[in-house]
Amino acid sequence: MDTLLACAVLAGQLCFGPQLAANDVNRGKELWEARCTGCHSLEANRIGPLHRGVFGRKAGTVPGFSYSTALKNFGQTWTEASLDKWLAAPGQFVPGSRMGFAVGDANDRSDIIAYLKSVSGR
Amino acid sequence: MASSTSKGELIMDTTVNSGRRKLLRVGGTSLLSATAVALLAGCERMASQAQAQTNPAGDVQILNVALGLEHEAISAYSIAAGSGLVSKAVLPVAVTFQGHHKEHRDALIATIRKLGGTPVAAKPDAEVAKALNAASLKNQTDVLRLAQRLERGAANAYLGVIPSFSDKGLAQVSAKLASDETGHWIVLSQALGDALSPKAFYVG
């Protein structure tokens, strides 16, 4: 029984470990659709700015979207590292910004970022 | 203390009661007043600390983003109702959901004002229709799918902003709003014949 359990645990690690580590664009797309599309679309500014091209873009620069002063003046370009910090705690990463929506799980964040990268032609 | 005999309980009871009696006896004396004053002072300190830890300006920003969501939802249901694509049977449901969103909007506006903020204005329906690509809607299923997407997005949005509120009361309001939107989402999913998620934690 114990051995069986141990095997199951081990198999679990062998099966799921690498999958969890690699960024999964499809999973990222699903997560993005569930969590981000309340406010964002790929092609249109809504409650938040449009997301197509966000990876590699300078923060706060989508024409026609009225950003917080904090994000407008942020000056950084969106990369894996900066998007990860932003999604983990936007208000802490850019104080005075107003997204307020956080993604607590690091694995979810990296899959979402992989998806954002894929829709930005990167 | 650890004794579970009725005698043990009786002893504990007596101790507690005599303790209470003692408290009552000193009621009104200067001793209790001093304690009460100290307690109150402690409470006040705690209250002012709690006050200092909340960040009304930050909370207002999150509430205003939420208000934007509600404005958009109200417009989306108007666009749906006016599209001519929604049947007589479905229309009352859309109107009810829109009514909920109007109540949410009014509650958010009142809270934002109470915290000293300025509520964001609604965008014109035509602008929302463009952003939501309403021109691509061809039948009732398309309309229901759009509403379903928006309601699910709103439920998840309200859940995702909960940790950002400095005021726990507002975090709870956000959870209540998320629950209402989840209700809408599930009803729309049922209408569309979608299967219920086989897995738990299907919101958020």
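A short tour of the structure in this document, coming up. What you see is a predicted model, and the numbers here were worked out from it, not measured in a lab. (Residues numbered from 1 in each chain as written. Chains lettered and ligands numbered in written order. Predicted model: local features only at pLDDT ≥ 70, side-chain atom pairs only at ≥ 80, totals over all residues. Heavy atoms only, no water.)

1. Regarding the nonpolar core
In terms of nonpolar packing, the biggest core is built from 42 residues, with Leu71, Phe74, Trp78, Trp86 and Leu87 of chain A together with Leu108 and Phe165 of chain B touching the most fellow members. Of all the elements in the fold, those that place two or more residues in this core are helix H2 (25-35), helix H4 (80-88) and helix H6 (106-118) of chain A together with helix H3 (56-81), helix H4 (91-114), helix H6 (140-161) and helix H7 (168-191) of chain B. If one sorts the elements of this core by residue count, H3 of chain B sits on top with five residues. Excluding residues that lie within four positions of it along the chain, Trp78 of chain A makes contacts with Val54, Phe55, Gly56, Arg57, Ala59, Leu71, Leu83, Trp86 and Phe93 of chain A. Counting residues in each nonpolar core, the second largest holds twelve residues, with Ala76, Ala129, Leu146 and Leu150 of chain B among its members. (Core = buried A, V, L, I, M, F, W, Y, C linked by side-chain atoms within 4.5 Å. Buried < 20%, exposed > 50% of the residue type's maximum accessible area, 1.4 Å probe, protein only. Helix = DSSP H or I, 4+ residues; strand = E, 2+ residues; numbered from the N terminus. Contact = heavy atoms within 4.5 Å.)

2. Notes on H4 of chain A
Think of an α-helix as 3.6 residues a turn; residues three or four steps apart then line up on the same face. Residue and element names in this part refer to chain A. Along H4, the positions that sit buried rather than exposed are Ser82, Leu83, Trp86 and Leu87. Angular distribution of buried residues about the axis of H4 spans 125 degrees; they occupy a single face of the element. Of the exposed residues in H4, the ones pointing more than 90 degrees away from its buried face are Ala81 and Lys85. (Arc of directions from axis to C-beta.)

3. As for the side chain of Ser120 of chain A
All names here are of chain A. One can find Ser120 in the segment after H6. A polar contact is formed between the side chain of Ser120 and the backbone nitrogen of Val54, at a distance of 3.2 Å. Ignoring any residue separated from it by four or fewer positions in sequence, one finds Ser120 in contact with His51, Arg52, Gly53, Val54 and Phe55. (Polar contact = N/O pair within 3.5 Å; in protein donor to acceptor, adjacent residues only side chain to side chain.)

4. Side note on the environment of Gly53 of chain A
Residues and elements named next belong to chain A. Relative to the helices and strands, Gly53 is located in the loop between H2 and helix H3 (69-72). Taking C-alpha positions, Gly53 is 9.5 Å from Glu43, a pair spaced ten residues apart along the chain. When sequence neighbours within four positions are dropped, the list of residues in contact with Gly53 reads Val119 and Ser120.

5. Structural notes on the interface of chain B and chain A
Between chain B and chain A, the contact holds 19 residues from the first and 16 residues from the second. Summed over both partners, the interface of chain B with chain A buries about 1500 Å², with 57% contributed by carbon and sulfur atoms. Looking at the side of chain B facing chain A, the largest losses of area belong to Gln61, Val65 and Ala131 of chain B, adding up to 30% of the total buried there. Viewed at the interface, chain A and chain B are joined by one salt bridge. Arg46 of chain A is the salt-bridge partner of Glu72 of chain B, the closest N and O atoms lying 2.6 Å from each other. Where chain B touches chain A, the interface holds seven residue pairs in polar contact (both at pLDDT 80 or more). (Buried area = accessible area lost by both parts, 1.4 Å probe. Salt bridge = Lys/Arg side-chain N within 4 Å of Asp/Glu carboxyl O.)

6. Here we look at the packing of aromatic side chains
Residues and elements named next belong to chain A. With the rule as written, the count across this model stands at seven aromatic pairs over all chains. Note on Phe74 and Phe93: the rings are 5.2 Å apart at their centroids and 75 degrees apart in plane angle, and the pair reads as edge-to-face. Placement of the pair is Phe74 in the loop between H3 and H4 and Phe93 in helix H5 (residues 90-93), with a sequence separation of 19 residues. With respect to class, Phe74 is no different from Phe93; both count as buried. Members of the aromatic cluster, each reached through a chain of ring pairs, are Phe74, Trp78, Trp86 and Phe93. (Phe/Tyr/Trp six-rings, centres within 6.5 Å; stacked < 30°, edge-to-face > 60°.)

7. Observations regarding the state of the cysteines
The final tally for this structure, using the stated rule, is zero disulfides over all chains. The thiol of Cys36 of chain A is not disulfide-bonded; the next cysteine sulfur, from Cys39 of chain A, is found 8.9 Å away. (Disulfide = S-S within 2.5 Å.)

8. Let's talk about the pattern of salt bridges
Counted by the stated rule, this structure contains ten salt bridges over all chains. The salt bridge partner of Arg105 of chain B is Asp106 of chain B, with a shortest N-O separation of 3.0 Å. Look at Arg105 of chain B and you get partly exposed, because its relative accessible area is 22%. Overall, the relative accessible area of 42% leaves Asp106 of chain B in the partly exposed class. Among the charged side chains, a salt-bridge network with shared partners connects Arg27, Arg35, Asp108 and Asp111 of chain A.

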